[in-house]
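Residue-level structure breakdown
What follows is the residue order along each chain.
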Amino acid sequence: MARSDQIAQHYLDKLERIRDRGIDPYPHSYHRTHTAQEAVSLFEHQETSPHAVPSSELSLAGRITASRFMGRIAFFDIRDGSGKIQLYFGSDILGSEKYESLADLDIGDIVGAKGKLFRTKTGEITLEVADFTLLAKSLQPLPEKWHGLVDIEKRYRQRYLDLISNEEVKPAFTLRSQIVAALRRFLDQRGFLEVETPVLQPLAGGALARRFKTHHQALDQNLFLRIALELYLKRLIIGGFDKVYEIGHVFRNEGISTTHNPEFTMLESYQAYADYTDVMKMVEDMVCYVAKEVVGRTEVEFGGERIDLAPPWRHVTLREAIKDRCGIDFKDYPETASLRARMEQLGIQPDPNKDRGRLVDELISTFVEPSLIQPTFLVDYPVEMSPLAKRKEDDEQLAERFEAFVGGMEIANAFSELNDPVEQSKRFEAQEQALRQAQSTTPELTGATTQDGEPEVEVIDDDFILALEYGMPPTGGLGIGIDRLVMLLTDKQSIREVIFFPQLRAK
RNA sequence: GGGCCGCUAGCUCAACAGGUAGAGCAGCUGACUCUUAAUCAGCAGGUUCAGGGUUCGAGUCCCUGGCGGCUCACCA
């Protein structure tokens, strides 16, 4: 018999023994009076306050994480959502028959226990068990108690095991929830309205990324998972909601890395009668607020660097930042060809399909981004890489756009939203043209079509143009990658450590 | 998609230079009335990711494939 089968058989034998004794191994409910942590606090309080009511019987419940049998007494550790507590079993208290039935419990089982609290000789607050109940039988052995679950693949595929056996995993996820809650509080306090817009979209615009396709049977129509929240939120601004935001998953059919998951959480907000300078101020305040709320301070450690999130953040134009780092002033190279030639002089071999906007983007990611450890706004982007952003009044080559970088990661992208429908239409056309050109030379890159001939990337959204034609107020818009913000505040170097179930190839 | 690295018992890890696959935890049997990585004695447990090849002999070397990690590309 294989060992795993042998182990399984032991569990099944126990299950049968339990049932034979008339015990339901999966009872319907159990009412605990305290969590493990509440019990510990209660006992400590009673010890220190002379007037406190003496400890009466209480009941706890949790998963058995360790058992130590010592003849006619035994100690178990159980863990619930609040933490760990020790249980003490004595055959003199329980009676020998009940005590013997402890043998049917395994590490991993969920149990309820009631009794009184006391301190052991070694000082640990412990429940002296007067009675216990099996609440759920486990039929699988848990990972090793000391090292926990190390195998990274298994940690992600069976996250519940990771959470059970690696205590240090849970806090980042708890913090994640607190971060999202704090973001909501911040925006709600400022009068933003949280809204929901379609995940299934006939076009999937608002960014330039390959999309996931699906099909609606009743409509007999292809639909796409959204790659951004932008275009629907702007429709709501047009409709008269002056401050809206949405927190939700977007889906991009691109590569997976330590900073990219195919589905990730985006916060987008739009504020009518604001521009990108207003948004910039809000981003500083918001990130600072969240840090104070969830970690209690604005200084955080990330990847061995000490980062201070307190405003004001450093502010530098994109043009200056690139010039400082590699000596190229993109303003001197208004043509794609000349910029590429200049980059090649520096030994860079840019992809031949890249247009000027993407070349500038390559300069950012190669020379600028890695150095942006302390919070920094890069301001004023070339208009060709910002098709949804308004041009600057005094420089039509640049758009009123900024990105915020912290810890070498882009965490926010914002602009004064383009609200001129005719201009927007032209920008879409230009983008479309650039895409088709790239597609003609290298179909496997972005711009390719799927097997049935549908474009993987689509940019022209006539329905959105129609909406703009009714008039959108001047608006400041913002996008924040929540996962990366969580990485920053939890000092995690991989996005998979802040997403419960990261995408993996099916086995 | 490219490069590099990894995959051995349920879990965590060994196995010199190609020579009988081992240990700890978990499990099982037994001892033990304050342990906490409990301790002690014993037992059981393996398709070494899969398939091919080289060799007298492969966990180890070679090839193909699978899955994962890092990284590059992609992700305006």
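Scroll up a little and you will see the structure.
A short tour of the structure in this document, coming up.

Cut-off values and rules
Residues numbered from 1 in each chain as written. Chains lettered and ligands numbered in written order. Predicted model: local features only at pLDDT ≥ 70, side-chain atom pairs only at ≥ 80, totals over all residues. Heavy atoms only, no water. Helix = DSSP H or I, 4+ residues; strand = E, 2+ residues; numbered from the N terminus. Buried < 20%, exposed > 50% of the residue type's maximum accessible area, 1.4 Å probe, protein only. Contact = heavy atoms within 4.5 Å. Areas by Shrake-Rupley, 256 points an atom, 1.4 Å probe, with all protein chains shown as cover. Salt bridge = Lys/Arg side-chain N within 4 Å of Asp/Glu carboxyl O. Axes fitted to C-alpha atoms, helices over the stretch in contact; angles between N-to-C directions. Parallel < 35°, antiparallel > 145°, perpendicular 65-115°, else oblique. Left-handed = near helix turned anticlockwise from the far one by under 90°. Nonpolar A, V, L, I, M, F, W, Y, C, P; charged D, E, K, R; others polar.

1. Some words on the overall build of chain A
Secondary structure summary: chain A contains 15 helices and 18 strands in total. Counting only residues that meet the buried cut, chain A has 49% of its 507 residues in that class. Intrachain contacts of chain A at a sequence separation of at least 6 include 65% that bridge at least 24 residues. Looking at chain A as shown, the accessible area adds up to about 25,200 Å², and 51% of this sits on carbon and sulfur atoms.

2. Some thoughts on the pattern of salt bridges
This model, assessed by the stated rule, comprises 39 salt bridges. Between Lys323 and Asp329 there is a salt bridge, with its nearest N and O atoms 3.8 Å apart. The closest approach of N and O atoms between Lys392 and Asp380, which form a salt bridge, is 3.1 Å. Of this pair, Lys392 sits in the loop between strand E15 (376–382) and strand E16 (398–406) while Asp380 sits in strand E15, placing them twelve residues apart in sequence.

3. Quick word on the side chain of Gln424
By secondary structure assignment, the location of Gln424 is in helix H13 (residues 421–441). Residue classification places Gln424 among the buried positions, given a relative accessible area of 0%. In contact with Gln424, other than residues within four places in its own chain, are Pro387, Leu388, Leu418, Phe464, Ile465 and Leu468.

4. Comments concerning the packing of helix H8 (residues 230–239) against helix H14 (residues 462–469)
Between H8 and H14, the least distance of the axes is 10 Å, while the angle of their chain directions is 20°. When the axes of H8 and H14 are compared, the pair comes out roughly parallel. The two elements H8 and H14 meet at a crossing, and its hand is left-handed. Here Leu231, Lys234, Arg235 and Ile238 of H8 come into contact with H14, specifically with Asp463, Phe464, Ala467 and Leu468. In terms of residue class, the contact of H8 with H14 is built from five nonpolar, no polar and three charged.

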